[in-house]
Amino acid sequence: MMSLILASTSPFRKSLLEKLGLVFETASPDTNETPLPGESARDLVRRLAESKATSVAATRTRGLIIGSDQVACLDGLIIGKPHTHEKAVQQLESCSGKAVRFYTGLCLHEVTTGKTHSHVEVFEVLFRPLSRQQIDSYLIKEQPYQCAGSFKSEGLGICLFEKLEGRDPNSLIGLPLIALTDLLREFGIDPLTD
C-alpha cells in the first residue's frame, strides 16, 4: 500500500482519519487561505483542499496526499473561526434559529503520477433558537474558538441544533470519511481490507 499523508495539522482531522485504521503521517501544508474575489464557498474549499495536497506533494517523492478544507456559510456569507469569546457570541447569535451550510473540500493527490481526485461535501445544520445565557454557557464550557461556526458538533455543541442534514456528520468536524473512503478506493486503498 502506498504511504498516506494527511496535509493538515488539525487534531480533529487527524483523529477522524485514525478511525479508518490506516497508517498515515501528517504534514503541514503551506497554503494561503484567503478567498479570491468573487469565489464561491464551494470553489474556495475545493481550491484550498487541492492546494494543501499539492503543497505537501511538492515536498515528497511518493505517497498519496489527503487535503481538506472547510467553511461555514450563513445567509450566503462565509463565517470563519471566531478566535475570541465575543466573536463566538456574535456568530452563535447570528446562527440562532437559522440554517448554516458547511462546505468541506477533499482532495487526494498521488505524488508520482500527479493523479488527483477532489470532492466537495455539503452538510447543513439547523440551529435551535438560542438565548444569550445558553450561548455564554456553551462557549465557556467548550471554548470552540478555533472552530468555524463557533461549535464542536462532536461535543456539547450537538445541543445547539434542531436538525442535521447531510450524508456524513464527520463533515462537520472537517473530514468527510464516507467521501474519503470512496476516493481512497479509486486509488486502490480499501480501509475494510487493507
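As named in an unreviewed UniProt entry, the chain is 7-methyl-GTP pyrophosphatase, taken from Bowmanella dokdonensis. For the chain, the Function (unreviewed entry) comment in UniProt is given as "Nucleoside triphosphate pyrophosphatase that hydrolyzes 7-methyl-GTP (m(7)GTP). May have a dual role in cell division arrest and in preventing the incorporation of modified nucleotides into cellular nucleic acids." Its UniProt record gives the chain a comment under Catalytic activity (unreviewed entry), which states: "N(7)-methyl-GTP + H2O = N(7)-methyl-GMP + diphosphate + H(+)".

(A) Spatial organisation of the pattern of salt bridges. In total, this model carries 14 salt bridges according to the counting rule given. Residues Lys14 and Glu18 are paired through a salt bridge, measuring 3.0 Å at the closest nitrogen-oxygen approach. Taken together, the positions of Lys14 and Glu18, both in helix H1 (residues 11-18) and 4 residues apart, correspond to about one turn of that helix. Residue classification places Lys14 among the partly exposed positions, given a relative accessible area of 35%. Exposure remark for Glu18: the relative accessible area of 43% places this residue in the partly exposed category. Across the pair Asp75 and Lys98 runs a salt bridge, and its minimum N-O distance is 3.3 Å. Here Asp75, found in the loop between strand S3 (64-74) and strand S4 (77-79), pairs with Lys98, found in the loop between helix H3 (85-95) and strand S5 (99-110); they are 23 residues apart in sequence, far enough to count as distant. Relative accessible area serves as the criterion here: at 58%, Asp75 is assigned to the exposed category. Overall, the relative accessible area of 34% leaves Lys98 in the partly exposed class. By sharing partners, the salt bridges in this structure join Glu121, Arg167, Asp182, Arg185 and Asp190 into a single network.

(B) Spotlight on the UniProt feature "site: Important for substrate specificity" (unreviewed entry) in the chain. Under the local residue numbering, the UniProt record ascribes the feature "site: Important for substrate specificity" (unreviewed entry) to Phe12, Gln70 and Glu154. Within the secondary structure layout, Phe12 lies in helix H1. Accessibility expressed as a relative area gives 29% for Phe12, which makes it partly exposed. In this structure Phe12 touches Cys147, Lys152, Glu154 and Ile173, once residues within four positions along its chain are discounted. For Gln70, the position within the fold is in strand S3. Within the structure, the side chain of Gln70 is placed 3.1 Å from the side chain of Thr104, a separation counted as a polar contact.

Quick notes on the rules
- Residues numbered from 1 in each chain as written.
- Predicted model: local features only at pLDDT ≥ 70, side-chain atom pairs only at ≥ 80, totals over all residues.
- Heavy atoms only, no water.
- UniProt positions renumbered as here; feature names shortened; annotations may be inferred.
- Salt bridge = Lys/Arg side-chain N within 4 Å of Asp/Glu carboxyl O.
- Helix = DSSP H or I, 4+ residues; strand = E, 2+ residues; numbered from the N terminus.
- Buried < 20%, exposed > 50% of the residue type's maximum accessible area, 1.4 Å probe, protein only.
- Contact = heavy atoms within 4.5 Å.
- Polar contact = N/O pair within 3.5 Å; in protein donor to acceptor, adjacent residues only side chain to side chain.

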